Amino acid sequence: MPTDKSADKTVFDRRESEVRSYCRGIDRVFTRAVGSEMTDASGRSYIDFLAGCSSLNYGHNDPDMKEALVEHIAGDGVAHGLDLHTDVKAGFLEAFERHILKPRDMDHKVMFTGPTGANAVEAAMKIARKVTGRTNIIAFTNGFHGVTLGALAATANSYHRGGAGTTLEGVTRMPFDRYMGEGFDTADLLEAMLNDKSGGIDAPAAILLETVQGEGGLNAARPEWVRRVAELAKQHGALLIVDDIQAGCGRSGTFFSFEEMGVSPDVITMAKSVSGFGLPMALTLVRPEHDIFGPAEHNGTFRGNTHAFVTARVAIEKFWADDAFQKEIAAKADILTRALEDVAGLVPGSRLKGRGMMQGVDVGSGELAEEICSRAFDKGLIIETSGPEDEVVKVLAPLTTPEDMFRKGLNILLDAARDVTASTKVAAE
Ligand SMILES: Cc1ncc(COP(=O)(O)O)c(C=O)c1O
């Protein structure tokens, strides 16, 4: 029996909606979180390789962000300001302009949408439609863009789509890079269909893609595929929207996931780690010529989470003022690849997926992936799956995880995979 009242979980079963999900596999009551560790009500610590599904790229309770936030609150700084001008919003915009946009030669305007990723995607899709006067948006197999109706139309997963309860319209689905396997360039198909007057694709307002599909199973598009898709968008008068909600903020290795691909998207969506502290905040970045919504045409009460602006500014200044952090991510990504090769070596037919600090192993079945994650959790590691059948064991460790802890977590994962594969082998014999 739990000794601490806060460890009593019965209220969740009694009152919380059945829609809850992560807590089913990770069935503890958490009370504290620092850096890359979470502690439950019994005092047990876990290494966190889920990181709020990439909304905690800088770990839990970063001390500098926390200090700035506590100071802001203690000084009666504005907590919520609709979209009024506030000192801290100015501070965020200046830092974002100085350290992110200008060095990358980006003249995009920053639109503060409602604070979820889905809302940033809704805004992006609406902008593309308004700019072009067209309705059709091309999205890809295994894409995940959120579950509000507009974004859900672009999301591929049938389980999520099934929750809509209505028709999902205005999107044409095309195969993502390597969806048809190696040796079939799906950009050829897209090109052929777009160029054919009887190809059946209505003139697109936008082509919407993730460069690494986070929820869809860590499918990393090849840069040359992304470039071709970007060219096709241009040729056909469509906007290129990159959904960087999961792959952005350093997760794929650079601040924007497309930075080293030679493309310049018209619209970019960001959320998850943009506040740096796990606070709700989302952005839609728009080229100035496409920034055509009238005042409040796409609005929302919670576009002024000033607490998030405070921490987001610190995150940008602390981690992105030079390239040191990016180099650190690259070194950790190499460690990750090598460790995952060891995990993959235990599971015949498995393969590595993803890039940067969003990598995983496709172990071939959702059951096996789930077993490995659940064994890892017993051993003190929080880790989840992704992919259409949840067949990918997915590492989303905070990018700031100290190397020794990172290796410790990866060793737990390897041990868990070893235990599970050994017991599966025994059962088969
Ligand atoms: C690429 C991508 N786009 C959009 C979303 C939706 O974001 P939110 O859950 O904040 O609505 C997600 C969430 O996982 C995502 O990974």
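Further up the page is the structure itself.
All of these numbers come straight from a predicted model, not from anything done at the bench. (Residues numbered from 1 in each chain as written. Predicted model: local features only at pLDDT ≥ 70, side-chain atom pairs only at ≥ 80, totals over all residues. Heavy atoms only, no water.)

Draft legend 1. Geometry of the packing of helix H4 (residues 63–74) against helix H11 (residues 306–319). At a minimum axis separation of 9 Å, H4 and H11 run at an interaxial angle of 145 degrees. As H4 packs across H11, the resulting crossing turns out to be right-handed. Two secondary-structure elements touch here, H4 through Asp64, Met65, Ala68, Leu69, His72 and Ile73 and H11 through Thr306, His307, Val310, Thr311, Arg313, Val314, Ala315, Lys318 and Phe319. Each residue belonging to the contact of H4 with H11 can be placed in one class, and the counts come to 8 nonpolar, 4 polar and 3 charged. (Axes fitted to C-alpha atoms, helices over the stretch in contact; angles between N-to-C directions. Helix = DSSP H or I, 4+ residues; strand = E, 2+ residues; numbered from the N terminus. Left-handed = near helix turned anticlockwise from the far one by under 90°. Contact = heavy atoms within 4.5 Å. Nonpolar A, V, L, I, M, F, W, Y, C, P; charged D, E, K, R; others polar.)

Draft legend 2. The arrangement of the nonpolar core in detail. Among the nonpolar cores identified, the biggest contains 88 residues, and Phe96, Phe140, Phe255 and Phe256 are the most heavily contacted of them. Element by element, the count of residues in this core is highest for helix H14 (residues 403–428), at 9 residues. In this structure Phe255 touches Tyr58, Phe96, Ile100, Arg104, Gly248, Cys249, Gly250, Met270, Ile316 and Trp320, once residues within four positions along its chain are discounted. Grouped together as the second largest cluster of nonpolar side chains are 18 residues, Ala128, Ala154, Leu208 and Ile245 included. (Core = buried A, V, L, I, M, F, W, Y, C linked by side-chain atoms within 4.5 Å. Buried < 20%, exposed > 50% of the residue type's maximum accessible area, 1.4 Å probe, protein only.)

Draft legend 3. Summary view of the site of the ligand. All residues in the neighbourhood of the ligand are listed as Thr116, Gly117, Ala118, Phe144, His145, Gly146, Glu210, Asp243, Ile245, Gln246 and Lys272. Gly117 has a polar backbone atom sitting 2.8 Å from an oxygen atom of the ligand. The separation between an oxygen atom of the ligand and a polar side-chain atom of Lys272 is 3.0 Å. Protein contact buries 82% of the 390 Å² of open area that the ligand shows by itself. Each residue belonging to the shell around the ligand can be placed in one class, and the counts come to 3 nonpolar, 5 polar and 3 charged. (Near = heavy atom within 4 Å. Polar contact = N/O pair within 3.5 Å; in protein donor to acceptor, adjacent residues only side chain to side chain. Areas by Shrake-Rupley, 256 points an atom, 1.4 Å probe, with all protein chains shown as cover.)

Draft legend 4. Structural view of helix H12 (residues 324–346). Over its 23 residues, H12 extends 34 Å from the first C-alpha to the last, a length consistent with the 33 Å expected when each residue adds 1.5 Å. Regarding H12, the residues found buried are Phe325, Ile329, Lys332, Ala333, Ile335, Leu336, Ala339, Leu340, Val343 and Ala344. (Expected span 1.5 Å × (residues − 1).)

Draft legend 5. Layout of the pairing of strand S1 (residues 30–34). Note that S1 and strand S2 (residues 37–40) share 4 bridges and pair antiparallel. Bridging across to S2, Phe30 finds its partner in Asp40. The loop that links S1 with its antiparallel partner S2 comprises 2 residues; one of these, Gly35, has a positive phi angle of about 60 degrees. (Pairing = 2+ DSSP bridges.)

Draft legend 6. Looking closely at the sheet that holds strand S15 (residues 381–382). If you trace the 4 strands from one edge of the open sheet to the other, you get S1-S2-S3-S15, paired in mixed fashion. Across the chains shown, the open sheet's two edge strands, defined by having one partner strand only, are S1 and S15. The sheet contact formed by S2 and strand S3 (residues 45–48) spans 3 bridges and is antiparallel. Residue pairing for S3: Glu37 is matched across the bridge by Ile47.

Draft legend 7. Quick look at unusual backbone geometry. Look at Asn61: it is not a glycine, yet its phi comes out positive at around 50 degrees. Phi angles above zero are rare outside glycine, and Asn142 is one such case at about 65 degrees. Here Asn142 shows up in the loop between strand S5 (136–140) and helix H7 (149–154).

Draft legend 8. Summary view of a nonpolar patch on the surface. Residues Tyr179, Met180 and Phe184 make up a contiguous nonpolar surface patch of about 310 Å² in total accessible area. As for its placement among the helices and strands, Phe184 is situated in the loop between strand S6 (171–174) and helix H9 (186–195). (Patch = residues over 30% accessible without salt bridge, like charges linked within 9 Å, V, L, I, M, F, W, Y side chains within 5 Å. Salt bridge = Lys/Arg side-chain N within 4 Å of Asp/Glu carboxyl O.)

Draft legend 9. Representation of the pattern of salt bridges. Taken as a whole and assessed by the stated rule, the structure comprises 30 salt bridges. As a salt-bridge pair, Glu18 and Arg24 come within 3.3 Å of each other at their nearest N and O atoms. Salt-bridge contacts for Arg407 lead to Glu403; the nearest nitrogen and oxygen are separated by 2.9 Å. Of this pair, Arg407 and Glu403 both sit in helix H14, 4 residues apart, which is roughly one turn of that helix. With a relative accessible area of 43%, Glu403 lands in the partly exposed category.

Draft legend 10. Summary view of the environment of Pro348. Position of Pro348 among the secondary structure elements: in the loop between H12 and strand S13 (351–355). A sequence separation of 217 residues divides Pro348 from Val131, and the C-alpha atoms of the two residues are 49 Å apart.

Draft legend 11. How the structure looks around the side chain of Asn136. Among the secondary structure elements, Asn136 is positioned in strand S5. Engagement of the side chain of Asn136 in a polar contact is seen with the backbone oxygen of Asp202, the distance being 2.8 Å.

Draft legend 12. Highlighting the sheet that holds strand S16 (residues 384–386). Ordered by their spatial adjacency, 4 strands build an open sheet running S13-S14-S17-S16, and the pairing between neighbours is antiparallel. Each end of this open sheet is capped by a strand with a single partner; those strands are S13 and S16. Each adjacent strand pair in this sheet contributes to an overall mean axis angle of 35 degrees, direction not counted. For S13 and strand S14 (residues 358–362), the ladder comprises 5 bridges, and the chain directions are antiparallel. Its bridge partner being in S14, Lys353 is matched across the sheet by Gly360. Here H12 sits on the sheet and contacts S13, S14 and strand S17 (392–395); the angle it forms with S14, its principal contact strand, is near 5 degrees.

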